[in-house]
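Below are the chains, spelled out letter by letter.
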Protein chains: 4
Amino acid sequence: MFHFYQPITVRFSDLDLLGHVNNARYLTYMEQARIGYFAHLHLRRLRDPDVRFILADAHVAFRRPIFLDDEVRVGVRVTRLGNKSFTMHYRIEDASGDTVFATGETVQVCYDYQGQRAIPLPEAWRQRIAAFEDIPAFAEEPPSP
Amino acid sequence: MFHFYQPITVRFSDLDLLGHVNNARYLTYMEQARIGYFAHLHLRRLRDPDVRFILADAHVAFRRPIFLDDEVRVGVRVTRLGNKSFTMHYRIEDASGDTVFATGETVQVCYDYQGQRAIPLPEAWRQRIAAFEDIPAFAEEPPSP
Amino acid sequence: MFHFYQPITVRFSDLDLLGHVNNARYLTYMEQARIGYFAHLHLRRLRDPDVRFILADAHVAFRRPIFLDDEVRVGVRVTRLGNKSFTMHYRIEDASGDTVFATGETVQVCYDYQGQRAIPLPEAWRQRIAAFEDIPAFAEEPPSP
Amino acid sequence: MFHFYQPITVRFSDLDLLGHVNNARYLTYMEQARIGYFAHLHLRRLRDPDVRFILADAHVAFRRPIFLDDEVRVGVRVTRLGNKSFTMHYRIEDASGDTVFATGETVQVCYDYQGQRAIPLPEAWRQRIAAFEDIPAFAEEPPSP
C-alpha cells in the first residue's frame, strides 16, 4: 500500500512525562517522512526557490503510545493530486508493520511567495508522483468543508 | 465564544528554516492551552493518578504563518462531553483576536491505566465543564468515522 | 547584578519523562533570554543581514530541577566585549529570584556570512552594550583554552 | 579514541531559521548518545528505580554548523569515574569522522530520589565502565570550580 517508508529513531527528548512520545512529535515524524519521500523521488531539486508547499491541514488519529525502544517507521504516500494542492496519507507503525501507532493525513498547497498566492502544482512534480503512486495526475479539489 | 484564552510566547526555537512557527508546534500550543484550561477550572487535582486523558485525535487547519514577534493566544473550549470521551476546539490567534492563525480540534479519551481500558469521564469533571461552557453534561459519542 | 530579565513560560512539552524540564531546554531558555536582551537594547535592527552572531561556546551548570508550575525568569548580561566575540552570563531562577535553577555562559562570535570569516563587533553594538552594562567597550579576547 | 558511536538522524525540525541545527539540539544529540552508550553497555537494567543520574554540568564547543543532509554520529566515552559523579566526553562529527561539528562534556551525579541526596555510583556500573574504557575504576572528584 505504501511504496515508501521513512525510518524514525525515537529520541528520549520525544517522550513527555507520561513516558511515551508526545503528541506533537507525531507531526514531526510525519514531516520527516514527507521530506524523505520528496528526496526519494528526487523532487527537492525541481523547486523554484520562491515556490513552496505550505501545510494547509493536518490530522492525526492516535492508536497506541510509542515508547523509547520502539522501532518506528512511517509509511507515506500521495493519495490525491489536485490543481493547487495535494493530499498525503501516513501510517506510523513499528518496523515490522504489525503494530500501527497512528494514521495521519495532510494537505499541502503550492504557494508562490513572490506573488503571494497559491499556484498550480509544478507539472514535473505532478507527473513523477502520479507515476510513482499509480494515481491520476489530476483530481478535482476536494469540496470545502 | 471562548471563555478561556491561553497566552503563548513564541520562541525562536519554534521557528523552522522557513522563518515561521513549525507545524508541529501548533499541537504544542494547543496542548499548552488544554493544560491551562484544566488548571483554570481547577480540574487537575480531581484526577486519580491512574486515570488520564489520552489524546485520540487531533486536527489542525492552518490559515496564516506565525512569526517570532506575533503575540499569540489560544482560545480553547470543550464542545462535547461524551460518555468516555470529550471534544475540544481551539483557535490560535493574535492577542487582539483579529487574526486567526489556525483552528484545531482534539478528542480525548478517559483512560484507566490500571485497568487498561477507557472509562466514563469523572462526574465532577463533567459537571464542572458543563457549567463552565453551558453545554449538556452528557452527549452521545460521535459516530465512528 | 542583571539589568534585564526574560520571563519564561514552562511548557508541558519542555518536561521529559523524569517530570522536570529537559536539560536541552536550558539552552532554549538562554537563547530566548539572549534574543529578548537584544530586542530590549534595540540591537536587532542594527544588523547587516549578512552579519550574524554565531554561538561558539555554551556552558550550563544545573542546580535544581524545574517543574511545570515554576515561574521562571532568566537574568542575562554581557560580561565581556572582545574584538570579534563577546561573552554572556545567565541565571535561570524563579520569578522572585530566590531559587536558582541554573547558571550559564555563552560566547558569541560576529560572523560575516558573505566573507565567511569572523569580523569585529559592530561599533554601535559595542557602545550600546558597554553603556547598558557599564563595562569596558573593549576587552582582550580570552586566551584559547 | 571512542569505543562507541551513536548515529543521529538530523530532523528538519532540528533546524532553526538560520538553516542549521539549533544550538539546543546539540545537547539532545549528546543525550541520545549517552542513552545509547548505557544501552550498549547493558547498564540501563542495573538501575534501582529510585536511583538516577542527574545532569550537573554540560558544556558544548561549537565548531561548524550542521545541515539537514549531514550524516551525523556522536562519539561518547566516560573519562572519569568519581565517587558520586562521572564525566563524559562527546565528539559530534560526520559519519566518516573527518569533520567535527562540536565537542562536549557533561558531568552526571548519582542521585537517590528516595533519600534526596547524592550517593556513590553503583559498583557494577563502575566496574563495567572502567573495563570498557580502560580507565581507573575510581578517581578523585574534580576540585570545585
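These numbers come from a predicted model, not from an experiment. (Residues numbered from 1 in each chain as written. Chains lettered and ligands numbered in written order. Predicted model: local features only at pLDDT ≥ 70, side-chain atom pairs only at ≥ 80, totals over all residues.)

A.B. asks: Would you explain the overall build of chain A in this entry?
C.D. replies: Helices and strands together make up the secondary structure of chain A, namely two helices and six strands. The helix and strand sequence of chain A, counted from the amino end, reads β-α-β-β-β-β-β-α. Against the 2.2 N^0.38 benchmark of 15 Å for 145 residues, chain A shows a C-alpha radius of gyration of 16 Å, consistent with a compact globule. Considered along the principal axes of its C-alpha atoms, chain A spans approximately 45 × 30 × 30 Å. (Helix = DSSP H or I, 4+ residues; strand = E, 2+ residues; numbered from the N terminus. Rg over C-alpha atoms; globule rule 2.2 N^0.38 Å.)

A.B. asks: Even after reading the chapter, I still don't get the nonpolar core, so can you show me in this structure?
C.D. replies: Considering soluble globular proteins, one finds that nonpolar side chains tend to be buried as a cluster. Counting 60 residues, the largest nonpolar core has C:Leu27, C:Val74, C:Ile92, D:Leu27, D:Val74 and D:Ile92 as its most contacted members. Sequence-distant contacts of D:Val74, that is, excluding residues within four places in its chain, are made with D:Tyr5, D:Gln6, D:Ile8, D:Tyr29, D:Met30, D:Ala33, D:Tyr90 and D:Ile92. (Core = buried A, V, L, I, M, F, W, Y, C linked by C-beta atoms within 7 Å. Buried ≥ 20, exposed ≤ 12 C-beta atoms within 10 Å, placed from the backbone. Contact = placed C-beta atoms within 7 Å.)

A.B. asks: Would you explain the interface of chain C and chain D in this entry?
C.D. replies: Many descriptions give the size of an interface as the accessible area lost when the pieces come together. Chain C puts 16 residues into the contact, and the matching count from chain D is 16 residues. At nine residues, the largest contribution of residues to the side of chain C that touches chain D is made by strand 2 (residues 51-62) of chain C. Here the residues of the side of chain C that touches chain D sort into nine nonpolar, three polar and four charged. Relative to strand 2 (residues 51-62) of chain D, strand 2 of chain C runs antiparallel, the two sharing five bridges. Counterpart to C:Asp57 in the pairing with strand 2 of chain D is D:Ala61. (Nonpolar A, V, L, I, M, F, W, Y, C, P; charged D, E, K, R; others polar. Pairing = 2+ DSSP bridges.)

A.B. asks: I'm lost on the relation of the copies chain D and chain A in this one. Help?
C.D. replies: Between chain D and chain A, which share one sequence, the superposing operator has a rotation angle of 180° and an axial displacement of 0.0 Å; the RMSD is 0.0 Å. A rotation of that kind, with that shift, is consistent with a two-fold axis. Within chain D, the C-alpha atom positioned nearest to the axis of rotation is that of D:Thr9, 3.7 Å from it. Taken together, the interface assignments show that 100% of the residues at the interface of chain D recur at the interface of chain A, consistent with an identical surface on both copies. (Least-squares fit on C-alpha atoms with pLDDT ≥ 70 in both.)

A.B. asks: Can you help me understand unusual backbone geometry in this one?
C.D. replies: Trans is the prevailing form of peptide bonds, just as negative phi is the prevailing case for residues other than glycine. Its identity is not glycine, yet B:Gln116 carries a phi of approximately 55°, on the positive side. Structurally, B:Gln116 is set in the loop between strand 5 (100-112) and strand 6 (117-118). Phi at C:Asp134 takes a positive value of approximately 60°, unusual for a residue other than glycine. With respect to the helices and strands, C:Asp134 occurs in the segment after helix 2 (123-133).

A.B. asks: Even after reading the chapter, I still don't get the interface of chain D and chain A, so can you show me in this structure?
C.D. replies: Taken together, the contact between chain D and chain A spans eight residues of the former and eight residues of the latter. Residues of the side of chain D that touches chain A, tallied by class, amount to two nonpolar, four polar and two charged.

A.B. asks: Looking at this structure, I do not really get the packing of helix 1 (residues 23-40) of chain A against helix 1 (residues 23-40) of chain B. What am I missing?
C.D. replies: If you want to describe how two helices pack, look at the angle between their axes and the distance between the axes. Across the interface, helix 1 of chain A lies against helix 1 of chain B with an axial gap of 8 Å and an inter-helix angle of 175°. In terms of orientation, helix 1 of chain A lies roughly antiparallel with respect to helix 1 of chain B. Across from A:Asn23, A:Ala24, A:Arg25, A:Leu27, A:Thr28 and A:Glu31 in helix 1 of chain A, the residues of helix 1 of chain B making contact are B:Asn23, B:Ala24, B:Arg25, B:Leu27, B:Thr28 and B:Glu31. The class makeup of the residues in the contact of helix 1 of chain A with helix 1 of chain B is four nonpolar, four polar and four charged. (Axes fitted to C-alpha atoms, helices over the stretch in contact; angles between N-to-C directions. Parallel < 35°, antiparallel > 145°, perpendicular 65-115°, else oblique.)

A.B. asks: It is not clear to me how the confidence of the model for chain A should be interpreted in this structure. Could you clarify?
C.D. replies: A low pLDDT means the predicted coordinates there should not be read in detail. A residue-level look at chain A finds 93% of positions with pLDDT of 70 or above and a mean pLDDT of 92. We note a pTM of 0.94 for the whole complex and an ipTM of 0.93 for its interfaces. (pLDDT = per-residue confidence, 0-100.)

A.B. asks: Would you mind showing me how to read helix 2 (residues 123-133) of chain D here?
C.D. replies: What sets the pattern is the α-helix's 3.6 residues per turn: residues three or four places apart point alike. Residue and element names in this part refer to chain D. Within helix 2, the full set of buried residues consists of Trp125, Arg126 and Ile129. Considered in projection along helix 2, the buried side chains sweep an arc of 95° and stay on one side of the axis. Across from the buried face of helix 2, at angles greater than 90 degrees, the exposed residues are Glu123, Ala124 and Ala131. Tucked inside the fold, the buried residues of helix 2 contact strand 3 (72-81). Residue aspartate 134 follows helix 2 closely and has a positive phi angle near 55°. (Arc of directions from axis to C-beta.)

A.B. asks: What is the right way to look at the pairing of strand 3 (residues 72-81) of chain A in this model?
C.D. replies: All names here are of chain A. Relative to strand 3, strand 1 (residues 5-8) runs antiparallel, the two being bridged by four bridges. Across the sheet, the residue bridging to isoleucine 8 is valine 72, located in strand 3. By the bridge criterion, nine bridges tie strand 3 to strand 4 (residues 85-94) in an arrangement that is antiparallel. Bridging from a neighbouring strand, arginine 73 pairs with glutamate 93 of strand 4.

A.B. asks: Looking at this model, I keep getting lost on the environment of D:Leu55. Mind explaining?
C.D. replies: If you trace the backbone, D:Leu55 turns up in strand 2. When the 21 C-beta atoms within 10 Å are taken as the criterion, D:Leu55 is described as buried. Discounting chain neighbours no more than four positions away, the residues touching D:Leu55 are C:Asn23, C:Phe62, D:Thr106 and D:Gln108.

A.B. asks: When you look at the environment of A:Gln127 in this model, what are you seeing that I'm missing?
C.D. replies: Along the chain, A:Gln127 turns up in helix 2 (residues 123-133). Considering only alpha carbons, one finds A:Gln127 and A:Asp69, 58 residues apart in sequence, at a separation of 39 Å.

A.B. asks: Help me out: how do you make sense of the pairing of strand 4 (residues 85-94) of chain C in this one?
C.D. replies: Regular strands show a simple pattern: their side chains alternate between the two faces of the sheet. All names here are of chain C. Judged by how many residues are buried, strand 4 sits mostly within the fold: seven of ten residues are covered. The antiparallel hairpin formed by strand 3 (residues 72-81) and strand 4 contains three residues in its connecting segment. Summarising the sheet, strand 4 and strand 5 (residues 100-112) pair through nine bridges and their orientation is antiparallel. Each residue of the ladder has a partner; that of histidine 89, found in strand 5, is glutamate 105.

A.B. asks: Would you mind going over the environment of D:Asp69 with me for this structure?
C.D. replies: All names here are of chain D. Checked against the element boundaries, aspartate 69 lands in the loop between strand 2 and strand 3. By the C-beta count within 10 Å, which is 8 here, aspartate 69 ends up exposed. C-alpha separation for the pair aspartate 69 and threonine 9, spaced 60 residues apart in sequence, amounts to 9.1 Å.

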